[in-house]
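Letter by letter, the chains look like this.
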Amino acid sequence: MLSDTEFLRLLPKAELHCHFIATMRVTTLQELTGKHGIPLRTDDLDELLDYEGLPDFLDVFHAAQQAMRDPADISRVAYEGVVDAVRAGNLRYREYFVNPDNFAELGVDYPTLIDALVDGFDRAERELGVGYRLIAAINRSLGPETAVAMVETVIAHPHPAVVGIGQDYLTPELTEDPLRFRDAYQLAERHGLRLTAHVGETIGASPRNVRDAIEVLHVERIDHGYRVVDDPEALAAARDAGVAFTCTPHSTHELSAWELEPDHRIAQMVRAGLRVTIATDDAVFFKTDIGREYTVALAQMGVGIEDAARIARAGFEAAWCDEATKTRLLADADGLIAALTAAREG
Ligand SMILES: [Zn+2]
């Protein structure tokens, strides 16, 4: 008989909220920072990921970004991240936030960046059958004009793997302020790109941010979105509109110190019938992986086995791949979920 933990680990997973940089294997981080002479706080890799506070985390994050200068290294990181996630939690499909402005600053232009990523992810897809798409991320700290310019770059270099836009970082005032980026979203929408936004996550965020993203920016998915449970009207509107939420349990614990317990906002969102999907956000840098988000976080939040299977399936349903790919992924997922369910009931 299959244990609940093994059932959760083996569930086929589609991860929709994953920042590419944070999929870097920590030993690769050490190697690439060494290659480029970028200092790390410590050589002890366990200690490196034990943060005293946000500055420690940002140090590691920036070091990882700084180390990604060579296309071959970018391809390697892409490939290794998939290998690790398959092992950790049976990843079958993933969408990555990739930040073109951060790479451009290091001399890696947009077409070079996309080619390098596609090279690594295609290899992983050939060998492991894990599908993928890319989402260009607006660096909110760089302001609305840079965001528009970034979207213009994406539009000027269309690539079938790049399907939409999203966000990372925060505004310089450390807010979410989705409406600040309205022009970039309108431009992306006019050119048929899919839209998602990081809202309703941070201290000071409100359900209003979630509503603004849906009603004004016209996003079809929300990354995080936890504050939606504080406003029954916003919650009902999101549920009726079928908006999918990409929720990242361990990152809420790391960044907001929320306990993973049945009262957690993600558990409330599941109980309220929202389309919740589960992801890692910054996997390696939060010492988590897609398996652990199910086997540890969902379990601690009191989400049952049937709901976990439904959540896993929701990840495929809310994916931005083409319909033929989605149909195939869902059929494979349904077959495996049925087999796992039978093995568990043994
Ligand atoms: Zn995120």
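Here, every reference points to the structure presented above.
Before going into details, it helps to say that this report is about the structure given with it. (Residues numbered from 1 in each chain as written. Predicted model: local features only at pLDDT ≥ 70, side-chain atom pairs only at ≥ 80, totals over all residues. Heavy atoms only, no water.)

Coordination of the zinc ion by the protein comes from His17 (NE2), His19 (NE2), His198 (NE2) and Asp281 (OD), over a distance range of 2.1 to 2.3 Å. Here the zinc ion is ringed by four donor atoms whose angles at the metal span 84 to 173°, and the overall shape comes out irregular. Taken in chain order, the donor set of the zinc ion reads H-x1-H-x178-H-x82-D. Placement of His19 in strand E1 (residues 13-19) and of His198 in strand E5 (residues 194-199) is noted, with a sequence separation of 179 residues between them. (Donors = N, O, S within 2.8 Å, 3.2 Å for Na, K, Ca; no water. Tetrahedral: all angles 85-135°; square planar, octahedral: opposite > 155°, others 65-115°. Helix = DSSP H or I, 4+ residues; strand = E, 2+ residues; numbered from the N terminus.)

Further remarks concern the pairing of E5. For E5, a buried count of five out of six residues is recorded, marking the element as mostly surrounded by other parts of the structure. A crossover connection joins strand E4 (residues 162-168) to the parallel E5 through helix H9 (residues 182-190); in handedness this β-α-β unit is right-handed. Judged from the four bridges that link them, E5 and strand E6 (residues 221-224) form a sheet pairing that is parallel. In the sheet register, Ala197 faces E6, and the bridge partner there is Ile222. Considered for its hand, the β-α-β crossover made up of E5, helix H10 (residues 207-215) and E6 is right-handed. (Buried < 20%, exposed > 50% of the residue type's maximum accessible area, 1.4 Å probe, protein only. Right-handed = clockwise from strand over helix to strand, strands pointing away. Pairing = 2+ DSSP bridges.)

Before going further, it helps to examine the pattern of salt bridges. Per the stated rule, a full pass over the model turns up 26 salt bridges. A salt bridge links Arg310 to Asp307; its shortest N-O distance comes to 2.9 Å. Here the residue Arg310 and the residue Asp307 both occupy positions in helix H15 (residues 305-317), the gap between them amounting to three residues, near one helical turn. Residue Arg310 is classed as partly exposed on the basis of its relative accessible area of 44%. When salt bridges with common partners are traced through the structure, they connect Arg25, Glu31, Arg76, Glu80, Asp84 and Arg87 into a single cluster. (Salt bridge = Lys/Arg side-chain N within 4 Å of Asp/Glu carboxyl O.)

Spatially, E1-E2-E3-E4-E5-E6-E7-E8 is the arrangement adopted by the eight strands of the open sheet, whose pairing is parallel. In the strand order of this sheet, the two ends are held by E1 and strand E8 (275-278), each with one partner. Here the strands of the sheet are splayed against their neighbours by 25° on average, with no regard to which way each runs. In this structure, strand E7 (residues 244-247) lies alongside E8, joined through four bridges in parallel fashion. Bridged to Thr246 within E8 is Thr277. (Axes fitted to C-alpha atoms, helices over the stretch in contact; angles between N-to-C directions.)

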